[in-house]
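An overview of the molecular structure
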Amino acid sequence: GAGVSQSPSNKVTEKGKDVELRCDPISGHTALYWYRQRLGQGLEFLIYFQGNSAPDKSGLPSDRFSAERTGESVSTLTIQRTQQEDSAVYLCASSLAGSSASTDTQYFGPGTRLTVL
Amino acid sequence: AQTVTQSQPEMSVQEAETVTLSCTYDTSESDYYLFWYKQPPSRQMILVIRQEAYKQQNATENRFSVNFQKAAKSFSLKISDSQLGDAAMYFCALTGANSKLTFGKGITLSVRP
């Protein structure tokens, strides 16, 4: 596609429910990243995929958070038993990630705003 | 660990004037990359400019330029001829060998007509 897309745009859920957030990267981009942005803050790294593998999960805040990627394309971020502190905008980015991922610019989607009541 | 510091939470500039946004960083890596991203109310993070640490020449993109001071670990963004559409949050970010971006807290830029 032309850019990174994310769905849903907004999600309101009740505390304790599970949610799934979806990211469609730019076609051909092998690297995919998830970030969290709390109100008025910068972005916090959550997880990075190279292809379908996740070599860096260091940013996932708890075992309630998980993510997967299939077909070197779509990724899903799942939050189980949501808590109010999970309320934030979740942003996805992708990059070409050729021989060295760090040299590639990350292109961001519009994010999913999650509100946990 | 990498850190990025943006100490100014807000700035304002008159349309057509020049404004400079400050950023300092810390990293133990010798090979790294610095970025400025713009985030308008639509939430879309838009790349403004990128600087490779090994390059001494400051990056420029039309009205946007950086002042990269490697020894001082400073990476400021200069916006010339400010336009109303430049109003947004601006984030300074850093990446090294681990690929993930480390962001500052951002600065809100307003442009006065």
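Below: a short report on this structure.

Cut-offs used in this document
- What you see as residue numbers is a count from 1 along each chain, following the sequence as written.
- Chain A is the first chain written and ligand 1 is the first ligand written, with later ones labelled in order.
- Note on the predicted model: pLDDT of at least 70 is required for a residue's local features to be given, and 80 or more for side-chain atom pairs to be given and counted; whole-chain, interface and lining totals, by contrast, use all residues.
- Hydrogens and water are ignored here; the side-chain numbers use all heavy atoms of the structure.
- Secondary structure elements are defined from DSSP: runs of H or I of at least 4 residues count as helices, runs of E of at least 2 residues count as strands, and each element is numbered from the N terminus.
- Just to be clear, the radius of gyration here is over C-alpha atoms, and the globule rule we use is 2.2 Å times residues to the power 0.38.
- Classification of residues uses two cut-offs on accessible area relative to the type maximum, computed with a 1.4 Å probe and protein chains only: under 20% is buried, over 50% is exposed, and between them is partly exposed.
- Residue contacts are counted whenever heavy atoms from the two residues lie within 4.5 Å of one another.
- Here the Shrake-Rupley method, with its probe set to 1.4 Å, supplies the accessible areas, and only the displayed protein chains count as covering residues.
- Counted charges follow a simple rule, with Lys and Arg positive, Asp and Glu negative, and His plus the chain ends left uncounted.
- Throughout, a charge is located at the NZ atom of Lys, the CZ atom of Arg, the CG atom of Asp or the CD atom of Glu.
- For any pair of parts, buried area is found by adding up, for both, the accessible area (1.4 Å probe) each one loses once the two are put together.
- Salt bridge, as used here, is a side-chain nitrogen of Lys or Arg placed within 4 Å of a carboxyl oxygen of Asp or Glu.
- Polar contact is the term for a pair of N or O atoms within 3.5 Å; when the atoms are in protein, one must be able to donate a hydrogen and the other to accept it, and sequence-neighboring residues count only if both atoms are side-chain atoms.

**A word on the overall build of chain B**
Each helix and strand in chain B was counted, giving 0 helices and 12 strands. Starting at the N terminus, the α and β elements of chain B follow one another as β-β-β-β-β-β-β-β-β-β-β-β. At 13 Å, chain B has a C-alpha radius of gyration in line with the 13 Å of a compact globule built from 113 residues. Principal-axis analysis of the C-alpha atoms gives chain B an extent of 40 × 25 × 20 Å. Evaluated residue by residue, chain B yields a buried proportion of 50% over its 113 residues. When contacts within chain B are restricted to residue pairs at least 6 apart in sequence, those whose partners lie at least 24 apart make up 55%. About 5400 Å² of surface is accessible on chain B, with carbon and sulfur atoms providing 47% of the total. On chain B, the mean spot of the 11 positive side-chain charges and the mean spot of the 10 negative ones are 4 Å from each other.

**Quick word on the interface of chain B and chain A**
Contact with chain B, which involves 21 residues of that partner, is made by 27 residues of chain A. Carbon and sulfur atoms supply 49% of the area that chain B and chain A bury against each other, a total of about 1900 Å² over both sides. By the criterion of area lost to chain A, the three top residues of chain B are R43(B), S99(B) and K100(B), representing 34% of everything that side buries. In this structure, the connection of chain B to chain A is made through 1 salt bridge. For K100(B), the salt bridge goes to D56(A), with nearest N and O atoms at 3.9 Å.

**A look at the environment of L21(B)**
As for its placement among the helices and strands, L21(B) is situated in strand β3 (residues 19–21). For L21(B) and L109(B), which are 88 residues apart along the polypeptide, the C-alpha to C-alpha distance reads 8.8 Å.

**Some details on the side chain of S75(A)**
All names here are of chain A. By the secondary structure assignment, S75 is in strand β8 (residues 75–79). In this structure the side chain of S75 is engaged in a polar contact, spanning 2.9 Å, whose partner is the side chain of W34. Leaving out residues up to four positions away in the same chain, S75 has contacts with L21, R22, C23, L32, W34, F49, E68 and R69.

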